[in-house]
Amino acid sequence: MGSKKTQTKKSEYFKWVVFLFVLSFLLSASLNYISSIVSEKLPITISFVLLFIIILLGILFDIIGIATTAADEVPFHAMAAKKVKGAKNSIWLIKNASKVSSICNDVIGDICGILSGSLSASIVFYISKNSNADIVFLSLILTATVAALTISGKAIGKYFAIKKSYDIVKISGKILSIFIKT
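Fair warning: this is a prediction, and the values are worked out from it, not measured in the lab.

Peer 1: Just to check I follow, could you spell out the environment of Gly-153 for this structure?
Peer 2: Checked against the element boundaries, Gly-153 lands in helix α6 (residues 135-163). Taking relative accessible area as the criterion, Gly-153 reaches 15% and is therefore assigned buried. In this structure the C-alpha to C-alpha distance between Gly-153 and Ile-55, which are 98 residues apart in sequence, comes to 8.6 Å. Sequence-distant contacts of Gly-153, defined by excluding residues within four places in its chain, comprise Ile-59 and Ala-148.

As structure tokens, this is what we get:
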């Protein structure tokens, strides 16, 4: 039998996984619903803008997730002692880097990937319905473009996140301090 400490850690981990499941489900369902409604009712150019924003959002949160795992906590303690806005939030982000990374990279990043795929399909459907465009070719081009933008954007973002982790966590902490007081 395991010790009480081991049982508690397993229980906390199980709660974390359940939380991630519920958060992923709710975010994915609501964002997919919103993007579906928006893409149906707005001009095709706005759908492309929305697609680009979703890709950028995935890249941005990937950068934040990686920066929190790469950042050093020490400079933020000095800032917190001087009562610099967001410093305590930055410390919280770094201390909870594995959870922050899970939410930013896995939950939000993966949802943005799924949303960009479904929005791409909606765009292809709209264009093919309203023109004589070859649906297979159109789908191939749009899917490849979305994949290339996402992968290359995240590759550039990872480099940037590691090199500028202090600045990224500092800005993230300041933004977070607007919503959460620590």
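Peer 1: Is there a simple way to think about the packing of aromatic side chains in this case?
Peer 2: Tallied over the full model, the rule gives 2 aromatic pairs. With a centroid separation of 5.6 Å and an interplanar angle of 25°, the aromatic rings of Trp-16 and Phe-19 are classed as stacked. Placement of the pair is Trp-16 and Phe-19 together in helix α1 (residues 4-41), with a separation of 3 residues, close to one helical turn. The class for Trp-16 is buried, based on a relative accessible area of 16%. Among the residues examined, Phe-19 registers a relative accessible area of 40% and is labelled partly exposed. Over the ring of Trp-16 we find Lys-99, and its NZ or CZ is 5.2 Å from the ring centre.

Peer 1: Could you clarify how one ought to interpret the confidence of the model for the chain in this entry?
Peer 2: Any segment with low pLDDT has predicted coordinates that should not be analysed in fine detail. In this model, the chain carries a mean pLDDT of 90, and residues with pLDDT of at least 70 account for 97%. Per-residue pLDDT, averaged within each element of the chain, yields its smallest value for α1 (81) and its largest for helix α4 (residues 87-95) (97).

Peer 1: So what exactly am I meant to see when it comes to the layout of surface pockets here?
Peer 2: The method is simple in principle: a probe with the dimensions of a water molecule rolls over the atoms, and the space it marks as empty is what remains. Of the pockets and cavities examined, the largest pocket occupies roughly 450 Å³. Of the residues that constitute the lining of the largest pocket, the class distribution is 18 nonpolar, 2 polar and 1 charged.

Peer 1: Is there a simple way to explain the packing of helix α3 (residues 74-81) against helix α7 (residues 165-179) in this structure?
Peer 2: A packed helix pair is summarised by two numbers, namely the angle formed by the two axes and the spacing between the axes. Running from N to C, α3 and α7 point in directions that differ by 40°, and their axes come no closer than 11 Å. The orientation of α3 relative to α7 falls into the category oblique. Relative to α7, α3 is oriented so that their crossing is right-handed. Along its contact with α3, which presents Pro-75, Phe-76 and Met-79, the element α7 presents Tyr-166, Val-169 and Lys-170. Across the contact of α3 with α7, the residue classes break down as 5 nonpolar, no polar and 1 charged.

Peer 1: Hey, could you run me through the packing of helix α2 (residues 44-70) against α7 in this one?
Peer 2: Interaxial distance between α2 and α7 falls to 8 Å at its minimum, and their mutual angle equals 115°. Considered as vectors, α2 and α7 are oriented roughly perpendicular to each other. At the point where α2 passes α7, the crossing takes the left-handed sense. Mapping the contact onto sequence places Ile-63, Ile-64, Ala-67, Thr-68 and Ala-70 in α2 and Ser-165, Ile-168, Val-169 and Ser-172 in α7. Residue classes in the contact of α2 with α7 are distributed as 6 nonpolar, 3 polar and no charged.

Conventions adopted
Residues numbered from 1 in each chain as written. Predicted model: local features only at pLDDT ≥ 70, side-chain atom pairs only at ≥ 80, totals over all residues. Heavy atoms only, no water. Helix = DSSP H or I, 4+ residues; strand = E, 2+ residues; numbered from the N terminus. Buried < 20%, exposed > 50% of the residue type's maximum accessible area, 1.4 Å probe, protein only. Contact = heavy atoms within 4.5 Å. Phe/Tyr/Trp six-rings, centres within 6.5 Å; stacked < 30°, edge-to-face > 60°. Lys NZ or Arg CZ within 6 Å of the ring centre and 35° of its normal. pLDDT = per-residue confidence, 0-100. 1 Å grid on protein atoms, 1.4 Å probe; cavity = no way out; pocket = protein on both sides within 12 Å on 5 of 7 lines; lining within 4 Å. Points joined across faces, edges and corners; volume = space filled by probe spheres on them. Nonpolar A, V, L, I, M, F, W, Y, C, P; charged D, E, K, R; others polar. Axes fitted to C-alpha atoms, helices over the stretch in contact; angles between N-to-C directions. Parallel < 35°, antiparallel > 145°, perpendicular 65-115°, else oblique. Left-handed = near helix turned anticlockwise from the far one by under 90°.

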